[in-house]
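Residue-level structural notes
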Amino acid sequence: MDLSVNICGIQFQNPVAMASGNAGYGIEYQSVCGFSNKDVGAVFLKGTTLEPKLGNKPERVMESPSGLLNSVGLQNPGAREVIAKYLPKLDMSATQFIINVSGSSIEEYVEVVRLFDQTALPAMEINISCPNVKKGGAAFGNDPEMAARVVEACRAATSKPLIVKLSPNQTDIAEGARRVIDAGADALSAINTLMGMQIDIHSQRPTLGNNQGGLSGPAIKPVALLKVHQVYQVAKQHNIPIIGLGGIASAEDAIEFFLAGASMVAIGTAVAKDPLIVKKVNKGIAKYLKQHNLNSVAELTGRLQLNT
Ligand code: DOR
């Protein structure tokens with residue numbers, strides 16, 4: 001069964017990626033599990049800013065029965081160090097590695113894009129939707145106007161495909177999608193984490209040092225599916241593919257995202273529990289396609305029939 005998908009002219013051997021933030025820069029995962037494009041369609045690397053960032057104060061990741069709540073705050077060594085020290089360690093022939101570009105000003109995004117433009121990475125994910133940017137940093141993803149300006153500026157700085165990561169925390173994600181498509185996005189990824197809070201009833205304080213953070217995991221799957229469905233209504237008019245993510249932990253979950261309009265999916269939180277889950281999800285997708293006499297994942301994309 002051929003599971004390959006083509007997104008923005010890039011051939012992915014299968015439609016299941018690892019979401020940004022789950023394998024850092026992939027070095028440790030590569031040495032323990034190894035990457036193979038038969039198993040892992042792509043790896044989205046950690047959100048990277050221009051200068052090194054220590055991230056937010058602890059606690060930064062809390063488990064809850066609903067999923068993981070994080071306020072990491074884009075801890076990363078900075079774009080130059082990633083390029084000099086981390087990228088050379090990756091086996092680029094094993095799968096497709098995509099950098100997640102983050103920032104807190106338009107100028108910063110542009111600088112990071114310019115630096116990664118000079119690398120062998122095939123595409124960039126423009127992260128306008130981190131819920132944990134420090135006070136003073138603009139909430140780009142929640143403001144369609146700002147989001148469009150970031151994407152427009154990044155577009156002018158590279159000819160590599162840009163995948164724009166959308167926030168579920170904005171009022172109207174379909175409008176947000178329309179604006180970034182007009183600004184030059186080649187693909188969209190949806191969704192980033194959903195803002196939330198957890199409270200320790202003994203100290204009567206939020207458990208996260210930053211008070212609030214982004215929720216990921218099974219609880220956000222229904223939210224993510226609806227957002228992908230809404231974004232697809234806009235994206236399909238422009239032939240813009242969607243990478244769906246948010247709480248995917250099985251082949252069945254992934255198939256729901258394809259039906260809602262995704263051309264590819266990414267797994268985040270579930271990778272932390274089972275590092276080999278991507279391979280299992282691919283197996284289940286192949287089985288489903290066979291059972292339904294379908295020849296490719298593309299035939300599933302947007303196949304959802306709404307009740308009338
Ligand atoms: O939930 C998130 N946490 N989403 C991001 O885009 C970045 C990350 C962080 O570093 O805070």
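One can find the structure itself at the top, above this paragraph.
Just so we're clear, the structure is a prediction, and the values are computed from it rather than from any experiment. (Residues numbered from 1 in each chain as written. Predicted model: local features only at pLDDT ≥ 70, side-chain atom pairs only at ≥ 80, totals over all residues. Heavy atoms only, no water.)

What to know about the environment of Gln204
By the element assignment, Gln204 lies in the loop between strand E12 (199-200) and strand E13 (205-206). For the pair Gln204 and Asn37, spaced 167 residues apart in the sequence, the C-alpha separation amounts to 47 Å. (Helix = DSSP H or I, 4+ residues; strand = E, 2+ residues; numbered from the N terminus.)

With respect to the packing of aromatic side chains
The final tally for this structure, using the stated rule, is four aromatic pairs. Relative to Phe97, the ring of Phe35 has its centre 5.4 Å away and its plane inclined at 80°; by these criteria the two rings are edge-to-face. Within this pair, whereas Phe35 is found in the loop between helix H1 (27-32) and strand E4 (42-48), its partner Phe97 is found in strand E7 (residues 96-101), the two being separated by 62 residues in sequence. Summarising the burial analysis for this pair, Phe35 and Phe97 share the class buried. A centroid spacing of 5.3 Å and a plane angle of 85° characterise the contact between Tyr109 and Phe140, whose relative ring orientation is edge-to-face. One end of the pair, Tyr109, is in helix H3 (residues 106-117); the other, Phe140, is in the loop between strand E8 (124-127) and helix H4 (144-157), with 31 residues separating them in the sequence. Pair check on accessibility: Tyr109 and Phe140 agree, each one buried. What links up through ring pairs into an aromatic cluster is the set Tyr29, Phe35 and Phe97. (Phe/Tyr/Trp six-rings, centres within 6.5 Å; stacked < 30°, edge-to-face > 60°. Buried < 20%, exposed > 50% of the residue type's maximum accessible area, 1.4 Å probe, protein only.)

Some points on helix H9 (residues 277-291)
Between the first and last C-alpha of H9 there are 21 Å, a value that for 15 residues agrees with the 21 Å anticipated at 1.5 Å per step. Along H9, the positions that sit buried rather than exposed are Ile277, Val278, Val281, Asn282, Ile285, Ala286 and Leu289. Tucked into the core, H9 has its buried residues touching strand E3 (16-18), helix H7 (251-260), strand E16 (264-267) and helix H8 (269-273). With its phi angle positive at about 50°, Asn293 sits one or two positions after the end of H9. (Expected span 1.5 Å × (residues − 1). Contact = heavy atoms within 4.5 Å.)

Things to note about the sheet that holds strand E9 (residues 162-165)
Backbone hydrogen bonds are what pair the strands of a sheet, in a parallel or an antiparallel way. One closed barrel accounts for eight strands, arranged E3-E4-E7-E8-E9-E10-E15-E16; its pairing is parallel. Along the sheet, successive strands turn relative to each other by an average axial angle of 25°, direction set aside. Note: E7 against E8, three bridges, orientation parallel. Bridge pairing links Asn100 to Glu125 in E8. (Pairing = 2+ DSSP bridges. Axes fitted to C-alpha atoms, helices over the stretch in contact; angles between N-to-C directions.)

Regarding the site of the ligand
The full set of residues close to the ligand is Lys46, Asn70, Val72, Gly73, Leu74, Asn127, Cys130, Pro131, Asn132, Asn192 and Thr193. A distance of 2.8 Å is found between an oxygen atom of the ligand and a side-chain nitrogen or oxygen belonging to Asn132. Burial of the ligand by the surrounding chains reaches 91%, relative to a free accessible area of 290 Å². Residue classes in the shell around the ligand are distributed as four nonpolar, six polar and one charged. (Near = heavy atom within 4 Å. Polar contact = N/O pair within 3.5 Å; in protein donor to acceptor, adjacent residues only side chain to side chain. Areas by Shrake-Rupley, 256 points an atom, 1.4 Å probe, with all protein chains shown as cover. Nonpolar A, V, L, I, M, F, W, Y, C, P; charged D, E, K, R; others polar.)

Some points on the sheet that holds strand E5 (residues 61-64)
What the four strands build is an open sheet, ordered E5-E6-E14-E11; its pairing is antiparallel. If you trace the sheet from one side to the other, it starts and ends with E5 and strand E11 (194-196), each paired once. Pairs of neighbouring strands in the sheet enclose a mean axial angle of 35°, with direction left out of account. When E5 meets strand E6 (residues 67-70), the two strands line up antiparallel, connected through four bridges. Within the sheet, the bridge partner assigned to Ser64 lies in E6 and is Gly67.

Quick notes on the nonpolar core
Grouped together as the largest cluster of nonpolar side chains are 100 residues, with contacts concentrated most on Ile126, Leu188 and Ile285. With seven residues, the single largest contributor to this core is helix H6 (residues 221-235). Those residues in contact with Ile126 that sit more than four places away from it in its chain are Val101, Tyr109, Val113, Val150, Cys154, Leu162, Ile163, Val164 and Lys165. (Core = buried A, V, L, I, M, F, W, Y, C linked by side-chain atoms within 4.5 Å.)

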